[in-house]
Amino acid sequence: MENQLRSVPRPLVRTNQWFIVLSVLLTWITKQEWLLLIPLLAGLMGLFFGFNPIMRLAKLFLRKHPSQYIAEDWDQQQFNQTIAVICLAGGFISFLMNWTIAGYVFTIMVAAAAFIAILGFCVGCFIRYQWQQYQYRRSLDK
């Protein structure tokens, strides 16, 4: 069996990031916290079932074969999606419980991270890299 690296075409990742940013902005504008459930449920489906409906829909609009786009690492995307799901869930639950400040903190974090990633710097990648470096240094001490 050949060891294949799983990847995600960058346009699909960008679509998911834009969807998160726009969902958060729409939530703030309309004060309808249930809007956070859309990217939250899509993210959960991606994590648990490997099927993100936002990315699947965006895939229909790709003009080239997925392998012809810049590839993003699957494991890194799963890590990033985990952080996004935690922040979206924290924001949704906080808004539901009228913990408005916590709701804004969680949603600002996820929207800012997604927007910064769109601009080219992946906060989740930085966090994961630092965590892996920490684990490596700890393994040397044993």
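Computed from a prediction, not measured in an experiment: that's the story for all the values here. (Residues numbered from 1 in each chain as written. Predicted model: local features only at pLDDT ≥ 70, side-chain atom pairs only at ≥ 80, totals over all residues. Heavy atoms only, no water.)

> An account of the environment of Glu-33 is needed here, citing residue identities and associated values.
Here Glu-33 shows up in the loop between helix 1 (10-30) and helix 2 (37-49). Glu-33 sits in the partly exposed class, given a relative accessible area of 24%. Considering only alpha carbons, one finds Glu-33 and Gln-81, 48 residues apart in sequence, at a separation of 19 Å. Ignoring anything within four residues of it in the chain, the contact list for Glu-33 reads Thr-27, Phe-92, Phe-95 and Leu-96. (Helix = DSSP H or I, 4+ residues; strand = E, 2+ residues; numbered from the N terminus. Buried < 20%, exposed > 50% of the residue type's maximum accessible area, 1.4 Å probe, protein only. Contact = heavy atoms within 4.5 Å.)

> Please set out the nonpolar core residue by residue, giving values where relevant.
What tends to happen in soluble globular proteins is that the nonpolar side chains get buried as a cluster. Residues Ile-20, Val-24, Leu-36, Leu-88 and Val-110 are the most contacted members of the largest nonpolar core, which totals 15 residues. Elements supplying a minimum of two residues to this core: helix 1, helix 4 (74-96) and helix 5 (100-119). Residue contributions to this core peak at six residues, all from helix 4. Ignoring any residue separated from it by four or fewer positions in sequence, one finds Leu-36 in contact with Val-24, Thr-27, Leu-88, Gly-91, Phe-92, Phe-95 and Thr-107. One finds Val-8, Leu-12, Leu-62 and Tyr-69 within the second-largest nonpolar core, a separate group that totals eight residues. (Core = buried A, V, L, I, M, F, W, Y, C linked by side-chain atoms within 4.5 Å.)

> Could you give an account of the packing of aromatic side chains, with specific residues and numbers?
Applying the stated rule across the entire model yields five aromatic pairs. Between Trp-18 and Phe-115 the ring centres are 6.0 Å apart and the planes differ by 80°, which places this aromatic pair in the edge-to-face class. Taken together, the positions of Trp-18 in helix 1 and Phe-115 in helix 5 put the pair 97 residues apart, joining distant regions of the chain. Following the ring pairs from residue to residue traces out a cluster consisting of Trp-28, Phe-95 and Tyr-104. Here Arg-6 stacks its cationic end above the ring of Trp-74, 3.9 Å away from the centre of that ring. Above the ring of Tyr-69, the side-chain terminus of Lys-64 is found at 4.8 Å from the ring centroid. (Phe/Tyr/Trp six-rings, centres within 6.5 Å; stacked < 30°, edge-to-face > 60°. Lys NZ or Arg CZ within 6 Å of the ring centre and 35° of its normal.)

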